[in-house]
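Residues per chain are reported as follows:
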Amino acid sequence: MSGRFIALEGVDGSGKSTQAGLLADALEAAGRTVLRTREPGGTPVGELIRDVVLAAPSLSMTLLAEVHLFAASRAEHVRAVLRPALAGGAWVVSDRFVDSSLAFQGAGRGLGIDAVWELNRSAVDGCLPDLAVVIDVPGPLAAARRKPAPDRIEAEGEGFHARVAEGYRELAGRFPERVRLVDGRGTPDEVHARVRDAVAVLA
Ligand code: TYD
């Protein structure tokens with residue numbers, strides 16, 4: 001028995017958490033066993049790491065510490081939650097996974113996608129999403145959808161968010177089997193229909 005692993009990805013304000021919820025509900029309604037989870041987080045250690053890495057912008061942190069904290073959360077998530085769930089046949093819907101590190105730390109922060117992949121290789125240990133669905137929205141729309149009290153990463157400027165968006169587009173170009181862009185404009189239901197189309201290949 002082997003489940004499916006779907007990650008929802010996108011810039012801050014893309015609406016991917018809404019889409020993760022709608023997708024999880026739809027899969028459950030279709031009779032799947034669904035595990036909804038998130039990164040950073042998804043385990044007790046991961047949630048503690050989340051509090052540190054997504055603290056208020058006043059907490060300064062070196063880039064290398066940031067990238068390793070996300071990877072540490074991921075190492076725990078893969079071993080304690082994702083692998084066991086997938087082995088049990090669950091459909092896992094994760095709000096973010098390694099492509100977030102590739103886009104945010106690799107492209108956004110400028111560490112480079114390949115360098116961030118190398119830093120994440122042992123954390124991921126071959127447990128990659130069957131499909132990463134990137135909710136792709138124009139910069140001004142994402143900015144308008146972002147929450148008013150930003151964390152360390154949301155508080156970055158528009159140039160950062162634009163590089164993250166470009167990073168996701170590069171990932172979709174480099175790994176077309178595994179990373180799919182979905183147009184995030186329109187109502188939640190309209191976007192959900194596009195997400196369902198994208199994940200239909202996994203059935
Ligand atoms: P997000 O998933 O957007 O949660 P919320 O909707 O509650 O704000 O927040 C996670 C933030 O962490 C987001 O800004 C992206 C960032 N992030 C990285 O920079 N790298 C990573 O590897 C992950 C998983 C997240």
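For the structure itself, consult the block above.
Residues numbered from 1 in each chain as written. Predicted model: local features only at pLDDT ≥ 70, side-chain atom pairs only at ≥ 80, totals over all residues. Heavy atoms only, no water.

Undergrad: Tell me about the overall build of the protein, residues and numbers included.
TA: The secondary structure content of the protein amounts to eight helices and five strands. For the protein, the sequential pattern of α-helices and β-strands runs β-α-β-α-α-β-α-α-β-α-α-β-α. Over its C-alpha atoms the protein spans a radius of gyration of 16 Å, differing by no more than 12% from the 17 Å that the globule rule assigns to 203 residues. Projecting the C-alpha coordinates of the protein onto the three principal axes gives extents of approximately 45 × 35 × 30 Å. A burial count over the protein gives 48% of its 203 residues as buried. Total accessible area computed for the protein in this model is approximately 9,000 Å², and 56% of it derives from carbon and sulfur atoms. Of the side-chain charges in the protein, 24 are positive and 27 negative, and the distance between the mean point of each set is 1 Å. (Helix = DSSP H or I, 4+ residues; strand = E, 2+ residues; numbered from the N terminus. Rg over C-alpha atoms; globule rule 2.2 N^0.38 Å. Buried < 20%, exposed > 50% of the residue type's maximum accessible area, 1.4 Å probe, protein only. Areas by Shrake-Rupley, 256 points an atom, 1.4 Å probe, with all protein chains shown as cover. Lys, Arg positive; Asp, Glu negative; His and termini not counted. Charge placed at Lys NZ, Arg CZ, Asp CG, Glu CD.)

Undergrad: Can you break down the site of the ligand residue by residue, with the values?
TA: The environment of the ligand is made up of 17 residues, and the closest members are Asp12, Arg96, Ser101, Gln105 and Lys147. The side chain of Arg96 places a nitrogen or oxygen atom 2.9 Å from an oxygen atom of the ligand. In isolation the ligand exposes 550 Å². Once the protein is present, 90% of that is buried. Put simply, the parts of the chain that give the shell around the ligand at least two residues each are helix 1 (16-29), helix 3 (63-87) and helix 4 (98-108). (Near = heavy atom within 4 Å. Polar contact = N/O pair within 3.5 Å; in protein donor to acceptor, adjacent residues only side chain to side chain.)

Undergrad: Give a detailed account of the packing of aromatic side chains, specifying residues and quantitative values.
TA: If you walk through the whole model with that rule in mind, you get three aromatic pairs. With a centroid separation of 4.9 Å and 75 degrees between ring planes, the pair formed by Phe5 and Phe97 is classed as edge-to-face. Highlighted residues: Phe5 in strand 1 (residues 4-10) and Phe97 in the loop between strand 3 (91-95) and helix 4, separated in sequence by 92 residues. For the pair Phe5 and Phe97, one class covers both residues: buried. (Phe/Tyr/Trp six-rings, centres within 6.5 Å; stacked < 30°, edge-to-face > 60°.)

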